[in-house]
Amino acid sequence: MTVGASLGDFQKKVNRDPSELRDRLGGLSSPAGRWGRSWTRPTAARPGEEVLVDRIRAMSVMEKSLVLEAVRQCLREQNQGVMKEAEVTIQELLASLNLDLKQPLAKNFLFHFYGLILRESPSEDVVRKHLAGLLELSHELASQRAGIALAMGIAAATHMELVWALLEHVGRTKFLRSPHTNSASQGERHSNPNLHWKWVGSTSLLCYGQMAVQARRQILPWVDNIASRMVYYYLSSCYDHILKKSFLSAALMLMKALKRESSAQGYKFTQTAELVHCLLGAVCRQVLYGKAAQALNLLLLTFVSENKSMDEVCFLLQHTEPWLRSDRSHERERAVQTIFLLLKCVVEYVKLTEEARPSMLGHQIGLLMLLWRDSEQFTKSHARLCVCLLLQLLVQQKGSMMEFIYLDKMKNYEERVHKESDTKFYHLVQAVDDYLTVAQHTQLILTLLRALSNPRHTDSDLASHLLLMVFEDHSIKPEQVAEILQGLFQELPAISFKNVQQMVLKAVTVLGTQHTQETVEVLLSLCHPSERQVAPLWKALATSNQLARKVVTLLYIKLKLRPPQLLVRLSEQAELVSMLALGTIYELLYIREYKAIVPWAFAGILLGLLTQLHYLFELGVVESIPEPREDILDMEPLGPCSTCLEALKGLFWTTNCWEVFAYLQLLRGWELLGHVETYTDGVTLLARAMAHYDCEVKAVLGQAVICLKSSEERDNIVAILIITEFLNSQELTQYMSRKTMIKFLTLGLANPNELVRALSLTGLSSLLMQPKKVQLLRTRMLELVDSFQKPEPNDLLGLMEIMGDTMHRMGPQGIGACSLKLAQRLRQLFENEQEKVRGGAILLYGEVIYSGGRKYQQALKGHAFQSLVPLLFHLADTCPQVIMKTKFTFLRCAILLNWEFRKQLFSKLAWGRGLSAESDIFMCMVESNFGSCHLFLLQASIYLRSPHRNLKLTAMKFIGGILQDYFTNLCFYLRKGDVKLFRAQFEVLRQEQDSVSRRFYRNFLHEVVELSRYVSQ
């Protein structure tokens, strides 16, 4: 066969007898060979690549084909394990090239040689054929994969597109169908017997790496494609450890290639994030740590050098977040070490040229700060050093040498003392606060906030302490407050540890102290005031009286922000600041931390709520006031009017002004306030009750005077209603002189509102303003009482109304001696057949017992005591209106007599139902008058003859209760005459026609007989 023989015939002979191939190659080594005699063998142990390339370029096309076939055959023999045959062929091949055979050959020399020949081959068909055959070899051995990749990479230097196409084809047809990719099903990964292509992905990755190394300047147009394929192979085969090792090797080759090429400095890469992500995963998870770290550091430095700005640094650092948050300590440690090495190199060797202040830098600093108490000493110390380095980079950008030196000293200090201290990082927190922009600082705080809900107590606790330190450093700007509080509000429900919650709320207190107005405004906007999750934040603002006062004052001011009706659309009503402030005030009334502050702000809150209710009526916000339901635990949020009304109730109830609350409750005064038609009557009744019980009169009067000067009509109306009622207060002259009061009332005469003018005139004609009217009214009252005592006076109801109005006008002066006469006459009317008459008499009686002045006060108390039993029995009256008026008067008697359980009594009167309430009222009355139950028994016995069945039944219940529960007491206090009188009344029941009376007689006859026996002894 000659050199010009066809490749097909040559291949057939080679296949029949491999020795013939060696013979043909031997001819090439003769002294007369085409490579010439003048070439001398190099003395190096490994032949120089330049010499080989020269010899390859000197070959003809046919000679190159013969050599390629020879190498191909050798590689096949190696692949099939015929190592001896392949070794002989390799040695003869090298001899034919006149190379030194004394030294051992490099491991991948044959692949290297193969790639050089293919690189120098001009025929794409030949190259495609041999490279395809190369990829058909086994990929099981690491040396085999490395050799194939080396040959492919060298060939790609001149045949990049061809090599790329082959690798793409292999990826589609072999790798994606291999049993170790993520796309393969679990069954395929375990049952596929064809493992020939199992490691083809690893070979492909190494090929991409070698392509980057061998391509030199050609790499730049291909670098993004190469990187994307490397990332894809890595992410597609999480089950293959060998593939991950190949990825690291390929990444390292790519990074070295980029670093070597100066032209890469200005190139913009699109696969940065993906490569960093994969390499970080390799660094933090793999035990091939050194290679992965080297590749990652090269990659990061390459990209920072490409774009010398803080934006690029932050972009790279953001990929470390999953590892900084990892539960595995070694992953956190490696992530921190990676960041530290990168930042150290950037600080020392890279000068950032672009002025950039990315806000996400604050987030990344926050992540590092959260590792300052890590379980690993290396992690926590280097996390602090990383923060120092980041601050140094910021200072470098500013060009401040003094600040840079200061931070460098701080970093050196951290390096020296990190082994000695774990908690002394306050100075570093202060430095962070000083050097970050507002946006960066906000991101830092938000990062700390998100860590509060961490299930690990150590991390959550550290976040809370750092947060408090940042707040206490006075570094928060007003424009940051909204975003900070919104973030804190979202995290607060998820905090698991009580001490962390306490620390966070302490931080809120600090923030509220520094930025009270902004804090209040944000809290108002977070959610509906009735939602309980915002309550802890309001509580945090009440830890000091000074701060709590500021908060309540601001809420009062917000309550007064009432745009005119024409400017408020229906859809916006619920979002009005005044509505939010209203709801918040209502909630704060029931928060224990504000209990001491509400009385201080009582007057302002009261006037604010009353005028707010009037404003709601102006807007047309009218809803039905729901009845209280004790059986509903989770009620719908109240409407604006209901909220305002409930806030008014709560203001009096929570400040221990329950008598005023009760006054309105039992006279349905709250209902009057809840309707626009009766609103002024409700305010009048409220002011009357406050004046009667001297409830914050001085403070409310001062606030009312301010409202009377206001330009708002609603303020004037509320103010004059209160002032005219307060003119009847016993203590008013102690708070304001008559002259000053006349001045303000005269001012009201010029008010454009008709009601204000009329009430101002009424006030000027009051007894306080005109004391000479006192005697005239007393004379008139005597005449009225005399006519009232006639057997059948005309118009009883009208007469009682006039007397009640006169008593009210006389106020603290009282009606004197006639009060006792009137009280006696009114008690006689308790049993009147007409519901309105007995109801009016009972109601007026409650006023009379307070109208005698100091001189007759004791006598009226005695009269009130004698009326307790009749009033108690009328709680069972057949008329609901009479019952309600009886409750009012019964409670007023209890207050006058200074019972011990007055507030509890009111609760039972107002809301009690059934036998339980009856029993509690009975107990309250008897226990508050211990030693007087015998008198109650005698008074009650009279009603055993009552023609009114309900009063008679109530009397029997009452008598039965006393006989059962207070028998011993009766035996001690009753006299023989008292028992004789009682038995006479009791015996009447024996002859009664109704079975209830006779049964009562039989049931208690034994007790009555025993009582008589004990008293008679």
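Since the structure is predicted, the reported quantities are computational estimates derived from the model, not experimental observations.

**Focus on the overall build of the chain**
Point 1. Per the secondary structure count, the chain includes 54 helices and zero strands.
Point 2. Put simply, the chain has 1017 residues, and 55% of those count as buried.
Point 3. The long-range share in the chain, meaning contacts at least 24 apart out of those at least 6 apart in sequence, stands at 73%.
Point 4. For the chain, the computed accessible surface area is about 46,000 Å², with 52% contributed by carbon and sulfur atoms.

**Some points on empty space enclosed by the protein**
Point 1. Throughout the structure, instances matching the rule amount to six cavities of 30 Å³ or more.
Point 2. Looking at the largest cavity, its volume works out to about 50 Å³.
Point 3. Residues belonging to the lining of the largest cavity are distributed by class as follows: seven nonpolar, no polar and no charged.

**Examining the packing of aromatic side chains**
Point 1. Under the defined criterion, the tally for this structure stands at 30 aromatic pairs.
Point 2. For the pair Tyr663 and Phe888, a centre-to-centre distance of 5.1 Å together with 85° between the ring planes defines the contact as edge-to-face. Taken together, the residues Tyr663 in helix α33 (residues 658–666) and Phe888 in helix α47 (residues 880–896) connect sequence positions 225 residues apart.
Point 3. The class of Phe888 is buried, set by a relative accessible area of 2%.
Point 4. The lysine or arginine in question, Arg825, covers the ring of Phe788, its NZ or CZ lying 5.7 Å from the ring centre.
Point 5. It is Arg1013 that lies over the ring of Tyr1014; its NZ or CZ is 4.8 Å from the centre.

**Thoughts on the environment of Trp222**
Point 1. Its place among the elements puts Trp222 in helix α12 (residues 219–235).
Point 2. Sequence-wise, Trp222 and Met160 are 62 residues apart; in three dimensions their C-alpha atoms are separated by 8.9 Å.

**Here we look at the nonpolar core**
Proteins that are soluble and globular tend to have nonpolar side chains buried together.
Point 1. Trp538, Tyr594, Leu606 and Phe652 are the most contacted members of the largest nonpolar core, which totals 261 residues.
Point 2. No other element matches helix α31 (residues 602–619), which puts 12 residues into this core.

**A few points about the confidence of the model for the chain**
Point 1. Summary statistics for the chain give a mean pLDDT of 82 and a share of 82% for residues scoring 70 or more.
Point 2. Contacts of residues 1–47 to residues separated by more than four positions or lying in other chains number 60 contacts, the stretch itself having pLDDT below 50.
Point 3. This model gives residues 630–634 a pLDDT under 50, and the stretch forms one contact once residues within four places in sequence are excluded.

**Topic: α47**
Since the α-helix advances by 3.6 residues per turn, residues separated by three or four positions end up pointing in the same direction.
Point 1. With 17 residues, α47 extends 24 Å between its outermost C-alpha atoms, agreeing within 8% with the 24 Å of an ideal straight helix rising 1.5 Å per residue.
Point 2. Within α47, 13 of the 17 residues are buried, which leaves it mostly tucked inside the rest of the structure.
Point 3. At the exit of α47 stands Asn898, carrying a positive phi of roughly 60°.

**Considering the environment of Met360**
Point 1. When you line up the elements, Met360 lands in helix α19 (residues 360–369).
Point 2. Overall, Met360 belongs to the partly exposed group, its relative accessible area being 34%.
Point 3. Remark: the alpha-carbon pair of Met360 and His441, spanning 81 residues in sequence, is separated by 9.4 Å.

**With respect to unusual backbone geometry**
Point 1. Here the phi dihedral of Arg668 falls at roughly 60°; this positive angle occurs in a residue that is not glycine.
Point 2. As for its position among the elements, Arg668 is in the loop between α33 and α34 (669–673).
Point 3. A positive phi angle, near 50°, is found at Asp694, a position not held by glycine.
Point 4. Along the polypeptide, Asp694 turns up in the loop between α35 (679–692) and α36 (697–708).
Point 5. Take Asp694: its relative accessible area is 33%, and that puts it in the partly exposed class.

**Digging into the environment of Gly961**
Point 1. Here Gly961 is to be found in helix α51 (residues 949–965).
Point 2. When its relative accessible area of 13% is taken as the criterion, Gly961 is described as buried.
Point 3. Separated by 24 residues in sequence, Gly961 and Leu937 place their C-alpha atoms 9.9 Å apart.
Point 4. Beyond its immediate stretch of four places on either side in the chain, Gly961 contacts Phe922 and Tyr966.

Conventions and cut-offs
- Residues numbered from 1 in each chain as written.
- Predicted model: local features only at pLDDT ≥ 70, side-chain atom pairs only at ≥ 80, totals over all residues.
- Heavy atoms only, no water.
- Helix = DSSP H or I, 4+ residues; strand = E, 2+ residues; numbered from the N terminus.
- Buried < 20%, exposed > 50% of the residue type's maximum accessible area, 1.4 Å probe, protein only.
- Contact = heavy atoms within 4.5 Å.
- Areas by Shrake-Rupley, 256 points an atom, 1.4 Å probe, with all protein chains shown as cover.
- 1 Å grid on protein atoms, 1.4 Å probe; cavity = no way out; pocket = protein on both sides within 12 Å on 5 of 7 lines; lining within 4 Å.
- Points joined across faces, edges and corners; volume = space filled by probe spheres on them.
- Nonpolar A, V, L, I, M, F, W, Y, C, P; charged D, E, K, R; others polar.
- Phe/Tyr/Trp six-rings, centres within 6.5 Å; stacked < 30°, edge-to-face > 60°.
- Lys NZ or Arg CZ within 6 Å of the ring centre and 35° of its normal.
- Core = buried A, V, L, I, M, F, W, Y, C linked by side-chain atoms within 4.5 Å.
- pLDDT = per-residue confidence, 0-100.
- Expected span 1.5 Å × (residues − 1).

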